[in-house]
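# Close look at the chain arrangement
Here is how the chains run, residue by residue.
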Amino acid sequence: MSQLIPSTIPLRTFEGHEECVNLIAVFPDKRRMVTSSKDKTLRLWDLETGVVLKKMEGHTSVVQALAVSRDGQLIASGDTNGELMTWHGETGESLTQPIKGHSRKIVSLDFSPDGTVLATASYDKTTAFWCTKTWQMQGEPIQFGAYHIVSCVRYSPSGELLAIATAIGGVQIYNPGTRERVASLKGRDTGGNFSLAWTPDGTRLLSAGSHGDPTIREWDSLTWQQVGRPWGGHTSNIYAIAIHPAGTLVASASRDGHVRLWRLSDQQTIAIFQHSSPVQFITFSADGKHILTGSQDNKISEWAAKGFLAITTARDACIAGDLSTAEELLTQEIHTNANDHTLYAHRSFIMARKHDWDHALEDAIKHSALLDRLYLQGHCPLRTRPPPGGKGSIRRRIHVHQPTFENQPLSLLTKAIALFSADQHDEAMLLIKELAAACPTTDPLTRRVVETYLRVQLGINAFDRARHDEAADHFTVAVNSGTFSSKYIHEIYEEFTMLFGWDLKSLCLTTHQKRCQAFLSLGKPDEALEAHKFMMDTIDDSAKDRCSALAEQNDRILGAEIPGQGQDGYDTDPNFFHGMHQHSQISRPRPQPRPGRVKRLRLAMKRTPRSTPPPATASAPGPGPAPTHAPPTTTPPATVPTTITAWLGNLFTRPHHHAAPPIVDVPFAQGKERNAIDGPKDVDDGLIRDEDYHGPPTPDPNLQQQAVAVQVDPGEHGGGRSCCCC
């Protein structure tokens, strides 16, 4: 949500290579790593001491491919001459002389999970397979067409699939045993794929793109469909991606000099590690506590990852409502790394949700102090340094910190939300107004999102109390705020979902729907039609699809429920507004086919009750004309509104003693008798035949022209809330 401050100082660096570090591979023993370089060598390192254990020489050109077997016993490397070499995993001694494996440079290697096969990818447009016992090629290589340069190969965790990335042809999925192609993944209009990574459980495959499309794409390995939208953030080639051993974090290395750390669950960037030169490669340590990067500054850099894992785990606990576990995880991590300002910011959120404002403010102050220190050290790109703060009053701290810090106002917004949740609505809105006056340029969209959400809640509260003018005003202000301009609001502001369970994804649709409902409740159908037209012009296709899906299920659409507001939606026909503008000049709305109860009630509202035909007149037997039935008596029809405006006004007119329009039982003549008189008609399968409807006993015919008694179910429609089941 708030702007991420890139980390620029690694925990430590490993120096020894004379040129660019291209690749890094860690051993399962967690003690060692091996690296390759443009200087034509490999180096074996002790991770604890940072000492080079072995300088491994033998290649005659740049070493551009590297892999370690799952058991750590084998090392394989490939160079730009297309030559392959293998090494002993413990000693670093060469096991083979250079093997001419490809006609052009080898750019990627991967061992099968059982270590029996090595797959190699080359710019000669082939992928080959090698037996790790004899180092002979197994079968024929997989050939790719013209311009389909192979850039990466990765076995799935089970070894049953092999993903192959090409410069133009997307990502190909093969069965390595049969060499048959299983799937072909497209998705990039420009550029190719440089890197691939499987999640530990094999359910997802990630692919990273070149400068034409520097994004990461996530693929479902069951359907081979793309999951979500592309992960954007990098501005140039993504050379490598890696997935944390726990499967929760993803790291990417780019030519733009940045390493991005992503949360896999929602595809959000949670940290940036800034380098002084393009980053060639990235991997996690075997225990997942560190990130190792190789770059064109000839160094290997080590960065902390453990804190971000704790934050991600705490977030999951917070979403599940386990605030104590979330607090405990962050507290443990703070004890390990007391200078990580992000840990204090996140714990401040947790304490705010627990309404422990003293500790929430203490963490926010600590967070600010650590940012001050980063600024003084030149690592925090802030415009001006804020004056030192103290505990003081909330409003004083707003003005003190307004020049620079975004997270401090965010903490105040969190308090405003908590005040609102405690029914201190005026105090909450006042705090937001003061924050807007004190920090007009500090993350204004965040403040607007909070204010809009709270206004929607005020509108709902006013509607529930039958203050429809007030409700319409709140919903109109929310609609006109501009908050809904991005359909990804729910992703950008996921912290509010984490802390308070907000449903930001449906906020836009909910607000528009309730605005329409408020106007209808005021007897203002023209305004309701305009509001509906504006809604349909504003919402995206997925929201329109959702409306259609709910319409098919007779679901609650105009009163969409919001988490935390109770299950008090308002029943109405989801297609109620559909085509209204087409019927505004005719005398009566055309009935829309609707299945089940909704359709029966809609039809009932528009039908003039017929009187029961009198029995046939008996005549004495004998000659003469056949007996005839007397024609049915026609009762004067009930008054029907002649315009759509009058009809809507009549529909939403409420009795004084009840805020909601009544649900009525409309009397019908017995179906079989009426149908016998009317003759055969076309059958609408969507309608419930009257003879199949087992309703209350037929009312006294003498009362049919009187007002129909209101049948109100206090359980579903009571409580003074508005409802419309048509």
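Further up the page is the structure itself.
Reading the values: the criteria
Residues numbered from 1 in each chain as written. Predicted model: local features only at pLDDT ≥ 70, side-chain atom pairs only at ≥ 80, totals over all residues. Heavy atoms only, no water. Helix = DSSP H or I, 4+ residues; strand = E, 2+ residues; numbered from the N terminus. Buried < 20%, exposed > 50% of the residue type's maximum accessible area, 1.4 Å probe, protein only. Contact = heavy atoms within 4.5 Å. Areas by Shrake-Rupley, 256 points an atom, 1.4 Å probe, with all protein chains shown as cover. Salt bridge = Lys/Arg side-chain N within 4 Å of Asp/Glu carboxyl O. Axes fitted to C-alpha atoms, helices over the stretch in contact; angles between N-to-C directions. Parallel < 35°, antiparallel > 145°, perpendicular 65-115°, else oblique. Left-handed = near helix turned anticlockwise from the far one by under 90°. Nonpolar A, V, L, I, M, F, W, Y, C, P; charged D, E, K, R; others polar. Pairing = 2+ DSSP bridges. Phe/Tyr/Trp six-rings, centres within 6.5 Å; stacked < 30°, edge-to-face > 60°.

## Some remarks on the overall build of the protein chain
- Within the protein chain, the regular secondary structure consists of 19 helices and 27 strands.
- Taking all 726 residues of the protein chain together, the buried fraction comes to 49%.
- Look at the contacts in the protein chain between residues 6 or more apart in sequence, and 51% of them connect residues 24 or more apart.
- Roughly 33,900 Å² of accessible area belongs to the protein chain as shown, and the carbon and sulfur atoms make up 51% of that amount.

## Considerations on the pattern of salt bridges
- Evaluation of the coordinates by the stated rule reveals 19 salt bridges.
- With its nearest N and O atoms 3.6 Å apart, the salt bridge here joins aspartate 220 to arginine 204. With aspartate 220 in strand S20 (residues 216-220) and arginine 204 in strand S19 (residues 204-209), this residue pair connects regions lying 16 residues apart in the sequence.
- In this structure, the salt-bridge partner of arginine 455 is glutamate 451, at a minimum N-O distance of 3.9 Å. Of the two residues, arginine 455 and glutamate 451 are both situated in helix H8 (residues 444-464); the distance of four residues between them amounts to about one turn of the helix.
- Among the residues examined, glutamate 451 registers a relative accessible area of 23% and is labelled partly exposed.

## Side note on the packing of helix H12 (residues 507-521) against helix H13 (residues 525-538)
- Contact geometry for H12 and H13: axes closest at 7 Å, N-to-C directions at 170°. Our classification of the angle between H12 and H13 gives roughly antiparallel. As H12 packs across H13, the resulting crossing turns out to be left-handed. Counting all contacts with H12, which are made through Leu509, His512, Gln513, Arg515, Cys516, Phe519 and Leu520, the residues of H13 involved are Pro525, Glu527, Ala528, Ala531, His532, Phe534, Met535 and Thr538.
- Classifying every residue of the contact of H12 with H13 by side-chain character gives nine nonpolar, four polar and two charged.

## Focus on the sheet that holds strand S8 (residues 83-88)
- Read from one edge of the open sheet, four strands run S6-S7-S8-S9, paired in antiparallel fashion. Whereas interior strands pair on both sides, the edge strands pair on one side only; in this sheet they are strand S6 (63-68) and strand S9 (99-100).
- Sheet topology places strand S7 (residues 74-79) next to S8; five bridges connect them, and they run antiparallel. Following the sheet pairing, serine 77 is matched in S8 by methionine 85.

## As for unusual backbone geometry
- Of note in this structure, tryptophan 135 is not a glycine but carries a positive phi near 55°.
- Summarising the element assignment, tryptophan 135 is placed in the loop between strand S12 (126-131) and strand S13 (142-143).
- At asparagine 298, a residue that is not glycine, the phi angle is positive and equals roughly 70°.
- Relative to the helices and strands, asparagine 298 is located in the loop between strand S26 (290-295) and strand S27 (299-304).

## Description of the packing of aromatic side chains
- One pass over the structure, following the stated rule, counts seven aromatic pairs.
- Centroid distance phenylalanine 273 to phenylalanine 308: 6.0 Å. Interplanar angle 85°. Geometry classified as edge-to-face. Here phenylalanine 308 lies in helix H1 (residues 306-319) and phenylalanine 273 lies in strand S24 (residues 268-274), a separation of 35 residues in the sequence. When sorted by exposure, phenylalanine 273 lands in the same class as phenylalanine 308, which is buried.
- Ring pairs connect the aromatic residues Phe273, Trp303 and Phe308, which therefore count as one cluster.

## Points about the packing of helix H2 (residues 323-336) against helix H3 (residues 341-353)
- The N-to-C vectors of H2 and H3 enclose an angle of 155°; their axes lie 10 Å apart at closest approach. Judged by the inter-axis angle, H2 sits roughly antiparallel to H3. For the pair H2 and H3, the sense of crossing is left-handed. Where H2 abuts H3, its residues Leu323, Ala326, Glu327, Leu330, Thr331, Glu333 and Ile334 lie against Leu343, Tyr344, His346, Arg347, Ile350, Met351 and Arg353.
- Here the contact of H2 with H3 is composed, by residue class, of eight nonpolar, two polar and four charged.

## Side note on the environment of alanine 240
- Along the chain, alanine 240 turns up in strand S21 (residues 238-243).
- Alanine 240 sits 217 residues away from leucine 23 along the chain, and the two C-alpha atoms are 9.4 Å apart.
- If sequence neighbours within four positions are ignored, alanine 240 has contacts with Ser195, Ala251, Ser252, Ala253, Gln280, Phe281 and Ile282.

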